[in-house]
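# Results of the structural survey
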Amino acid sequence: MALINEKLRKKPWANAIAKPAQEFPLTPLSVISGTIPPGLRGTLYRNGPARLERGGIHVGHWFDGDGAILGVHFNSSSLTPPYQGGDRGGATAVYRYVQTDGYKEETVAGKMLYGNYGMTAPGAFWNRWLKPIKNVANTSVLALPDKLLALWEGGHPYALDLETLETKGSDNLGGLDKALPYSAHPSVDLHTKEIFNFGVSIGNNGTLNLFKSDWTGKIIQKAQFPLEGLPVIHDFVLAGPYLVFFVPAVRLNILPVVLGINTYSECIQWQPQVGTQILIFDRQTLSLVSRGETEPWFQWHFANGYLDASGEVVVDIARYQDFQTNLFLQEVAFGETHTPAKSTLTRVRINPQTGAVTNIQKILDRHCEFPSVPPENVGQASRYTYFSISRQETDISQEILNAIACYDHKTETLTEADLGENRYPSEPIYATDADNPEQAWILTVVYDGNCDRSQVWVFDAHRLNEEPVCKLELPSVIPHSFHGTWKGHREAHKR
């Protein structure tokens with residue numbers, strides 16, 4: 001009876017993470033409805049925590065799960081043999097865990113061995129010092145010409161084969177020293193073929209490491225900047241000639257973590273008195289241009305940034321009033337949430353020479369996350385911003401994000417794709433049509449809680465409120481994931 005009551009209490013989204021995900025080999029996908037657009041040629045990659053339990057031990061936070069990558073190849077016959085998936089116009093998919101060193105070690109042992117963001121290492125107390133943390137490679141992906149990088153916050157990326165998703169191993173990108181982390185949120189400038197990223201090194205105070213890479217991912221320039229205390233910096237934004245960081249009003253108390261007493265998640269404290277610090281760097285020299293301070297908030301993700309006609313930096317974020325979002329995300333791992341953590345799409349204007357905020361504007365008073373713009377608009381003004389959103393009637397303390405939307409900054413209108421009850425889309429990914437640059441598609445992986453299945457839905461990017469142009473069935477359930485990317489075939493073959 002207790003098990004029945006447990007199932008009744010939990011929402012349908014919880015079933016997608018109730019057990020470890022099952023890998024599957026390269027498999028042709030069946031079309032449920034519609035047709036695959038002929039110009040949709042390339043691969044959708046997604047990354048997320050796929051295993052939240054092993055050997056009877058459950059992770060402590062959603063961030064702790066082992067990463068697995070989904071690759072959906074469209075127009076599969078253009079792939080290199082022997083990975084041809086059928087006639088031109090078809091699609092194939094493959095789903096594999098990232099074979100990190102820690103994952104392989106725990107697989108052999110048949111149990112969890114390491115601690116992580118929301119858990120201390122199980123077993124003997126000294127494990128908390130011997131095995132304090134594991135690179136789970138579960139947050140995002142970066143598609144390079146000859147490899148796919150599985151990215152995580154606190155370590156080196158792992159390189160995978162673009163087609164088979166076979167793990168090649170940890171990759172230092174030709175410039176990451178042993179201790180240098182490479183964050184999960186690089187910014188790619190498609191026009192200059194530059195890739196920017198950062199990583200925060202932990203000490204008595206943090207160090208912000210800045211990286212510039214060429215188109216192959218090789219690091220060609222580095223810089224360091226000292227931080228005050230140990231803040232949580234998850235993302236940054238490319239804004240024209242600048243790299244912009246909002247350092248939120250949270251600080252890590254590292255001593256209990258080092259002593260093995262508490263987890264990272266437990267030791268991150270909301271400190272509104274320190275405000276939000278703004279750091280602006282020159283993208284060419286990676287040197288500090290200005291530093292400012294404004295009211296406290298927290299953000300996981302930036303949508304975009306650019307320099308407007310007046311010379312001000314404009315930055316859009318999904319803004320939270322405090323750090324309750326961390327508790328909500330911890331609850332997600334256990335399939336039952338209670339904490340309301342609302343974000344709003346917010347625009348911040350800054351004088352880049354002084355770091356002073358000149359205006360803060362709430363663009364959309366709806367809970368949203370994973371904002372992005374078309375890749376060609378990164379760092380430039382973009383008419384459209386895409387994101388995941390909660391349906392109007394949703395109790396956000398009980399449900400995860402359950403719709404996707406587009407905001408038109410020119411007309412100030414919102415267009416939503418309402419997928420219906422108990423369906424949960426992933427972050428919307430923008431894919432430009434290979435034949436018509438004026439046409440684009442939005443791809444999302446949908447977990448249907450009504451039938452416990454996962455599907456790929458393809459929308460017309462400019463008609464999100466209409467029926468998807470295509471739906472594809474996936475071989476097994478894909479747990480709710482964090483971030484993904486699209487790699488067009490024309491881009492893929494520039495080798």
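Residues numbered from 1 in each chain as written. Predicted model: local features only at pLDDT ≥ 70, side-chain atom pairs only at ≥ 80, totals over all residues. Heavy atoms only, no water.

### Considering the overall build of the protein
The following threshold applies: A run of DSSP states H or I qualifies as a helix once it reaches four residues; a run of E qualifies as a strand once it reaches two. Both are numbered from the N-terminal end. Just to be clear, the radius of gyration here is over C-alpha atoms, and the globule rule we use is 2.2 Å times residues to the power 0.38. Burial here depends on accessible area, computed with a 1.4 Å probe over protein chains only, as a share of the maximum for the residue type. Under 20% is buried, over 50% is exposed, and the range in between is partly exposed. Between two residues, a contact is recorded if the distance between any of their heavy atoms is within 4.5 Å. With residues, only the protein chains shown are counted as cover, and all accessible areas are computed by Shrake-Rupley using a 1.4 Å probe. Neither His nor the chain ends contribute to the count of charged residues, in which Lys and Arg are positive and Asp and Glu negative. Each charge is placed at NZ for Lys, CZ for Arg, CG for Asp and CD for Glu.
Regarding its fold elements, the protein presents six helices and 35 strands. Scaling as 2.2 N^0.38, a compact globule of 495 residues should have a C-alpha radius of gyration of about 23 Å, and the protein matches this with 21 Å. In terms of overall dimensions, the protein has a C-alpha envelope of 60 × 55 × 50 Å along the principal axes. Within the protein, the fraction of its 495 residues that count as buried is 61%. The long-range fraction of contacts in the protein, counting pairs at least 24 apart against all pairs at least 6 apart in sequence, stands at 60%. Of the roughly 19500 Å² of accessible surface on the protein, a fraction of 50% belongs to carbon and sulfur atoms. For the protein, the distance from the average site of its 43 positive side-chain charges to the average site of its 53 negative ones is 3 Å.

### Concerning a nonpolar patch on the surface
Put simply, the rule reads: Residues enter patches when they are more than 30% accessible in relative terms and free of salt bridges; like-charged ones are connected within 9 Å and nonpolar ones (Val, Leu, Ile, Met, Phe, Trp, Tyr) within 5 Å. Any carboxyl oxygen of Asp or Glu within 4 Å of a side-chain nitrogen of Lys or Arg constitutes a salt bridge here.
Taken together, the side chains of Leu 255, Leu 259 and Ile 261 make up a nonpolar region of the molecular surface, amounting to roughly 280 Å² of accessible area. The residue Ile 261 is located in the loop between helix H4 (254-258) and strand S19 (268-270) in this model.

### Quick notes on the sheet that holds strand S3 (residues 42-51)
Applicable threshold: Pairing between strands requires that DSSP locate at least two bridges from one strand to the other. Note on method: axes are straight lines fitted to C-alpha atoms, helices fitted across the in-contact stretch only, with angles between N-to-C directions ranging 0 to 180 degrees.
With respect to topology, five strands assemble into an open sheet ordered S1-S7-S6-S3-S35, the strand pairing being antiparallel. For this open sheet the edge positions go to strand S1 (24-28) and strand S35 (483-488), each flanked by a neighbour on one side alone. Between one strand axis and the next, the sheet turns by 15° as a mean value, whatever way the strands run.

### A short note on the pattern of salt bridges
Applying the stated criterion to the full structure yields 21 salt bridges. The salt bridge involving Arg 283 is made with Asp 189; its shortest N-O contact spans 3.0 Å. A residue pair is termed long-range when its members are at least 10 positions apart, and Arg 283 in the loop between strand S20 (276-282) and strand S21 (288-294) and Asp 189 in strand S12 (residues 187-189) qualify at 94 residues. Residue Arg 283 is classed as buried on the basis of its relative accessible area, which comes to 8%. Of the charged contacts, one joins Arg 319 and Glu 295 as a salt bridge, the two residues approaching to 2.7 Å between their closest N and O atoms. Of the two residues, Arg 319 is situated in strand S23 (residues 313-320) and Glu 295 in the loop between S21 and strand S22 (298-307); the sequence distance between them amounts to 24 residues. On the basis of relative accessibility, which here comes to 39%, the residue Glu 295 falls in the partly exposed class. Each member of the salt-bridge network shares a partner with another, and the members are Asp 189, Glu 194, Lys 212 and Arg 283.

### Points about the sheet that holds strand S11 (residues 167-170)
The strand order across the open sheet built from four strands is S8-S9-S10-S11, with neighbouring strands paired in antiparallel fashion. In this open sheet, the two edge strands, each paired with only one partner strand, are strand S8 (140-143) and S11. Taking the axes of each pair of neighbouring strands and ignoring which way they run, one obtains an average angle of 25° across the sheet.

### Examining the packing of aromatic side chains
How we decide: Planes of paired rings set the category: under 30 degrees apart is stacked, over 60 is edge-to-face and the rest tilted, where pairs are Phe, Tyr or Trp rings (Trp by its six-membered ring) whose centres lie within 6.5 Å.
Considering all chains together, one arrives at 20 aromatic pairs under this definition. Look at Phe 63 and Tyr 117: their rings are 5.2 Å apart centre to centre, the planes differ by 45°, and that puts the pair in the tilted class. Here Tyr 117 lies in the loop between helix H2 (101-109) and helix H3 (127-130) and Phe 63 lies in the loop between strand S5 (57-58) and strand S6 (66-74), a separation of 54 residues in the sequence. The buried category is assigned to Phe 63, whose relative accessible area is 18%. Measuring from ring centre to ring centre gives 6.0 Å for Phe 74 and Trp 486, while their planes differ by 50°; the resulting arrangement is tilted. One end of the pair, Phe 74, is in strand S6; the other, Trp 486, is in strand S35, and 412 residues separate them in sequence. Comparing Phe 74 with Trp 486 shows no difference in burial state: the two are buried.

### Quick look at the confidence of the model for the protein
Note the threshold: Confidence scores here are pLDDT values: one per residue, from the predictor, ranging 0 to 100.
Here the protein shows a mean pLDDT of 93. Residues at 70 or above account for 94%. Throughout residues 77-87 the model reports pLDDT below 50, and contacts reaching past four residues in sequence, or to other chains, amount to 20 contacts. Long-range and interchain partners of residues 491-495, a stretch whose pLDDT sits below 50, account for nine contacts in this model, where long-range means more than four residues apart.

### Description of the side chain of Ser 187
Here Ser 187 lies in strand S12. Relative accessible area serves as the criterion here: at 9%, Ser 187 is assigned to the buried category. Non-local contacts of Ser 187, meaning those with residues more than four positions away in its chain, are made with Glu 194, Ile 195, Phe 196, Phe 236 and Leu 238.

### Some points on the pairing of strand S26 (residues 368-372)
Extensive coverage of S26 is indicated by the burial of four of its five residues. Sheet topology note: the S26/strand S27 (residues 384-389) ladder contains three bridges and is antiparallel. From the neighbouring strand, Glu 369 faces S27, where its bridge partner is Ser 388.

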